[in-house]
Structure formats: C-alpha cells, structure tokens
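Read off the chains here:
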Amino acid sequence: MCGIVAYIGEEQAFPIVLKGLKRLEYRGYDSAGIALINKEGLLNYKHKGKVSELEKHTDKKNIDGTIGIGHTRWATHGLPNDVNAHPHLSGNENIALIHNGIIENYDTLKEGLIARGHTFKSETDTEVLVHLVEDIQEHEKVSTAEAVRLALNNVIGAYAIVVMSKDNPNQLIAARKSSPLVVGIGKEGDFYLASDATPIVEYTNEVVYLEDEEIAIVERNKGLRLYNIQNQEKTPYIQELEMQLEALEKGGYEHFMLKEIHEQPRSIKDCFRGRLNVNKGWVGLGGIKDYEQQLATAKRIIFVACGTSWHAALVGEYLFEDLTRIPVEVEYASEFRYRNPIIGEGDIVIAISQSGETADTLAALELAKAKGATILGICNVVGSSISRITHAGSYTHAGPEIGVASTKAFTAQVTVLTIMALAIARKKGTLNEAKFRRIITELELIPEKVAKVLESSDYIESISEIYKDAANALYLGRGNSFPVALEGALKLKEISYIHAEGYPAAEMKHGPIALIDEAMPVFVIATKGQSYEKVVSNIQEVKARKGKVIAIVTEGDKQVKAMADHVIEIPDTDEHLVPLLATIPFQLLSYYIAVMRGCNVDQPRNLAKSVTVE
Ligand code: M6R
C-alpha cells in the first residue's frame, strides 16, 4: 500500500518523480504529492485523487529542482483528502517526509509531541514521524540523518520512508522496516528510490534492496552509504535488475488487466522454461533443489497466502495431496499469524505471494520460522521481502503484474505448484511413470491451449453484456475447480463491484440454493472428469429453479450444452491442469463486465495491489 519515489541528481526531479508515481499508482490512488527543494525553498504539492489530479494541480507552478520526493497513497489513518496526502512537513517546514506503512505507536508519540508544543495539521501517523525527527534534531542538535535514525529507534510499526531537508538539499535519507524500498544507482551519480523497481528500470539496472532496519543516505558527490539502525555502516549489495521496460507499458491494450490476461500463454511458458523437459521426462525447480528431500519426507505442508494467492494454494492442496500423498493445510495468512499454530518437526510452510510483500503473509512466515519450521516462498516480484526471508523458493516469472486484479500471477503460481508437486512426487515415488508423462506432456501444451481459450474473447464479451447488470452471482466448481470458482467470484467482486460467491457445487443445496431465481447467473465449471456427472446434477438443480447457467465445459461437450443457457468451451487437458484453463474465461468475463459497468478495471475502488499493512 502506498508508493514512494524519490530522485536526486543533475536532472529535473519533478518529471522523474511524477512518472515514477504513475508506475506506482497500482499501490494506492487515494491522493498523490511531490515535494521539491529549489532556490525558493521547500515546495510541497499534494492533491486528493490520482496522480493525474496532482499533475493538473501543479500545472504552471514552480516545479524546478534536482531533488524531490513523491507519494501515492492508500489511506490507513485519516480520510483521503489533500491535508492527509503525503509528503508531510515538520512544524518548521524544513523537513519533508514520505512514508509507506503504519506507525503503530503514533498516538503515544503524538501526545508527547503535543506536550512539547507541536501542532498537527493532518490525522496521519506519518506527520507524527516527521515532527518527531524535527523534535529530536532541535533538542539533540544532530544532523537530519541522525535525527531520523534516533526517531526510528522510537517507532513501533512498519515503514519505508524517504526524508529530505532544506538544511541539506544535497541529501536524501531513506529507511525501511517491513515495507519495501529499493535504491537505484544511476550512471551519472544520480540516485532513485522507490517502493519497487518499476520507476527505476528505465534509468538504471543497478539496484540495492534495503533490508529491514537499514538506513540509506544518498548524497551528491558522496554516493550511497548504508547503516543499520544501530549506526553501524554496512556494505551495499548491488544487484542487477532483470526487468524489461516494455513489461511496464500497456502495449496497445486498453487496460493492464486485459494485457496481463492475454500475456498468459507466454507467462506460463516463462514459468516452466528450464523446469520441464518432456523428452527427458524431467521436472525440477532450481530454487528449492536443496529442499527436495526435506519436502519429500515432510509430515505436512502448510500453505499461507491471501486473496488470489490463497486460491492458488487451494489448487496446490489438490495437486500435492493427490500426487505426493503429503497432507496439506491451506491457511489465510491473516488468521494463521494470530493463532498459536501447531508446527512440528518435519512441517514445511510455503508462502505464496505475487508481490512478496503482503504484510500478513510475511508475518505468518516469520512466526513459522520462529517456531522452527522450514519456510519456502513462491513469489513473482524478484528481490521482494518474502523471497529474502525464506530459506529457499521459486519465482513464478510472470513479469510485472500492474492490474490490481491478479490474473497471470495466479496461473503462474498454479504452474509452479504443479511442477513442485510433480518433482516431489517423483522423488517420493508416489507417481507412476505413465501418469507423470501424461501430466508433463499436457503441461507443455497449456500455453497454446490458453491461447485457444483467449480466442473466445468476443463470445465471452457477448455473454458479459447479458449479465453486466446482475446484482449477485454464484460460482460453482468441484475438486480442483472449486478454487477456480472462488477466484472467479473474487475477480467479479473486486473489479465490477457485483456481489459474488464461490461454492463447491455440492454445497449449494446446503443454503445458497435459496438464492436462486431467474435473476441469478450461476457460473459453473463442468469440465470432463471425476465429478462431471455430479456437476451435471447440480446444473439441473439450478435450472429447476430458473437460474441462468453459464458453464465452462470441455470442447465437444453435448450434455451440459443441452441444459445451460451458455457454454464456454475449453480444450481438453489432464484433470490436474484444468484450473489453468478454466480460470481464463472467468478473468475475461469479469474484465468485460467491469468495463461495461464503467468501473476502473486496473485500479478498483478501495483496493491496492500490494497490501503491506495488516
Ligand atoms: O501479493 P499477494 O499475492 O500476496 O497479494 C495477495 C492479495 O492481496 C491479492 O491476491 C488480492 O486478493 C488481489 N487483488 C486479487 O486479485
């Protein structure tokens, strides 16, 4: 939540920071702001709403300056208005600060500061922090950097911050704890700071990912210095960025979400590249190679995740239990962390997260690690916090996902889980050669089959037109299609604001069937396989109550076609891999419905891409 970006160098800071904010807008879009230092002093522009509002607001204003910080906000403390927008200034207006995270003890700190004469303009925790820095600087007579360090020693919570002061217009001070921050090292002695690498990639590919409780000071002519919060100097570890600039553009599509849906044939292929060799009958994940034996002998695997990643974990449960015969539990990270979970020797906890920054998932992992578990990660964002705190893991290689609604990250997560389950099953000997060969042969064909499903886009758009005004929707599936039903319902809810529920098809008769009438669209996954006949019966139950059935079926199906109002065909595949195909029509349906309803598809209301707060 919240995106932060900053620049210091020889170029004009404003356009660089503004462009960076546009890249980070997926992290929050309640308000935006930029502060600059130039000959006139410290200028601070901020505005409610999107970055484009800020851009309008700053038109014809003085935006000169080669040092600047910017912020795009997802509101936690205080309404999304101009006053609560970042950057926040100290009382003497010498210091400006941007922040992503939550200062949990801000109330206590604020009381103390008010008692010492500070007054506050906003309701934010961030303004408290910048006043604290000012207060310490005045009383301790120390530099701004030292005041920031001392202030952070008094803070409980999560933060990624960047601070600049009129007293030293040649310096930016940055720090992080539980919220991400990357430093880009430019070619000409200039520096870029951002919540992720997307605003940096077009200027440099040399980056340093800050660790928790590290403070970076970047200064003209002095370069980058790194300290821990105890003031010990550290050597920055410079990494090379692999991200491509084109991956951050819409590439001719109207929305990032549509682009990302259409990228799936390629992103799934990228995901299994080098991990699957059908000729040699081999699968493997380099990142977890050293843990394969431990996984094969694990007594239990616990997946922790949130949202769409949690749905991928549910698909993983089916795969792992069927192929490896290892008992699996799937936990909402937010629930797991506040229980006293029983973690025994031989348990392995695997976190699944697109961003690798989700606060609840991170906290669940930390808890599991503290209890002695081996913790592994399946993340998309390279260098993210989860990928760094885990013992080992595998990247999904889906490329940057900008649309808030997760699409290609989901199919890539399911692909990694499939490969992982297959590799462990082979090691354990729980999967016979013929079944293994069949699954890997089919897995290699998935990208072209996804492409085939995408060819039905126009037809799916026409179905969307019919159901765009529905007030509610039900999604039904059985077995590994049940998580796909949940994911379909989540996609519809989050971008079109239509109330939708996902259910195991057979559960319908235990309650939800009462909702069915002629106005209720029921989306059903009724592909060939173990539960086909049972799902057919469930469809009949819906039709008997005049519900509208939109069924996803295997190519050539006749039985469901005769009953359903609409069918969407997907190519035949091995049953284990159906979620990779069946999810695509649901992504397209929710996309088209949201567009037809005039919703902001890439930035749905109240949401943010990366949920770095509890
Ligand atoms: O980055 P993560 O995968 O950890 O994010 C988890 C959820 O916040 C995320 O999947 C969310 O549910 C998406 N908006 C779903 O489209």
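Residues numbered from 1 in each chain as written. Predicted model: local features only at pLDDT ≥ 70, side-chain atom pairs only at ≥ 80, totals over all residues. Heavy atoms only, no water.

**Description of the pattern of salt bridges**
Close approach of charged atoms allows side chains of opposite charge to pair.
Phase 1 of the analysis: Applying the stated rule across the entire model yields 35 salt bridges.
Phase 2 of the analysis: The partner of Glu 211 in a salt bridge is Arg 388, and the shortest N-O contact between them spans 3.2 Å. Note that Glu 211 is positioned in the loop between strand 11 (206-209) and strand 12 (214-219) and Arg 388 in helix 12 (residues 385-389), a separation of 177 residues in sequence.
Phase 3 of the analysis: The exposure class assigned to Glu 211 is partly exposed, which follows from its relative accessible area of 38%. (Salt bridge = Lys/Arg side-chain N within 4 Å of Asp/Glu carboxyl O. Helix = DSSP H or I, 4+ residues; strand = E, 2+ residues; numbered from the N terminus. Buried < 20%, exposed > 50% of the residue type's maximum accessible area, 1.4 Å probe, protein only.)

**Topic: the nonpolar core**
Burial of nonpolar side chains together is a common tendency in soluble globular proteins.
Phase 1 of the analysis: Within the largest apolar cluster, 93 residues are counted, with the highest numbers of intra-cluster contacts made by Ile 301, Phe 303, Phe 320, Ile 350, Met 420 and Tyr 475.
Phase 2 of the analysis: Not counting chain neighbours up to four residues away, the residues in contact with Met 420 comprise Leu 285, Ile 288, Phe 320, Ile 350, Ile 378 and Ser 394. (Core = buried A, V, L, I, M, F, W, Y, C linked by side-chain atoms within 4.5 Å. Contact = heavy atoms within 4.5 Å.)

**Here's the deal with the sheet that holds strand 1 (residues 3-8)**
Phase 1 of the analysis: Strand order in the open sheet made by the eight strands is 3-2-4-1-10-9-11-15, with antiparallel pairing throughout. Strand pairing shows two members of the sheet lacking a second neighbour, strand 3 (41-48) and strand 15 (239-240), which therefore form its edges.
Phase 2 of the analysis: One ladder, built from four bridges, connects strand 1 with strand 10 (residues 191-194); its direction is antiparallel. Counterpart to Tyr 7 in the pairing with strand 10 is Tyr 192. (Pairing = 2+ DSSP bridges.)

**Considering helix 5 (residues 144-152)**
Structurally, the α-helix is built with 3.6 residues per turn, so residues lying three or four positions apart point the same way.
Phase 1 of the analysis: Helix 5 sits mainly inside the fold: seven of its nine residues count as buried.
Phase 2 of the analysis: Among the residues making up helix 5, those that are buried are Thr 144, Ala 145, Ala 147, Val 148, Arg 149, Ala 151 and Leu 152.
Phase 3 of the analysis: Summarising the contacts, the buried residues of helix 5 are in contact with strand 6 (95-103), helix 4 (125-140), strand 7 (157-165), strand 8 (168-177), strand 12 and strand 13 (223-228).

**Notes on unusual backbone geometry**
Phase 1 of the analysis: For the bond from His 86 to Pro 87, the omega torsion is 0°, close enough to zero to count as cis.
Phase 2 of the analysis: Considering the arrangement of structural elements, one finds Pro 87 in the loop between strand 4 (67-73) and strand 5 (88-89).
Phase 3 of the analysis: Phi at Glu 213 takes a positive value of approximately 60°, unusual for a residue other than glycine.
Phase 4 of the analysis: Assignment of secondary structure puts Glu 213 in the loop between strand 11 and strand 12.
Phase 5 of the analysis: Since its relative accessible area comes to 30%, Glu 213 is described here as partly exposed.
Phase 6 of the analysis: At Tyr 497, a position not held by glycine, the phi torsion is positive, near 65°.
Phase 7 of the analysis: With relative accessibility at 27%, the residue Tyr 497 sits in the partly exposed group.

**Considering the domain arrangement of the chain**
Phase 1 of the analysis: Split into domains, the chain comes out as domain 1 (3-247), domain 2 (250-454) and domain 3 (456-614).
Phase 2 of the analysis: Taken over C-alpha atoms, the centre of domain 1 sits 43 Å from the centre of domain 3.
Phase 3 of the analysis: Listed by partner, the interface residues are 13 residues for domain 1 and 10 residues for domain 3.
Phase 4 of the analysis: Interface of domain 1 and domain 3: buried area, both sides summed, is about 980 Å²; carbon and sulfur atoms make up 53% of it.
Phase 5 of the analysis: Looking at the side of domain 1 facing domain 3, the largest losses of area belong to Tyr 26, Tyr 29 and Trp 74, adding up to 51% of the total buried there. (Domains from an automatic or database assignment. Buried area = accessible area lost by both parts, 1.4 Å probe.)

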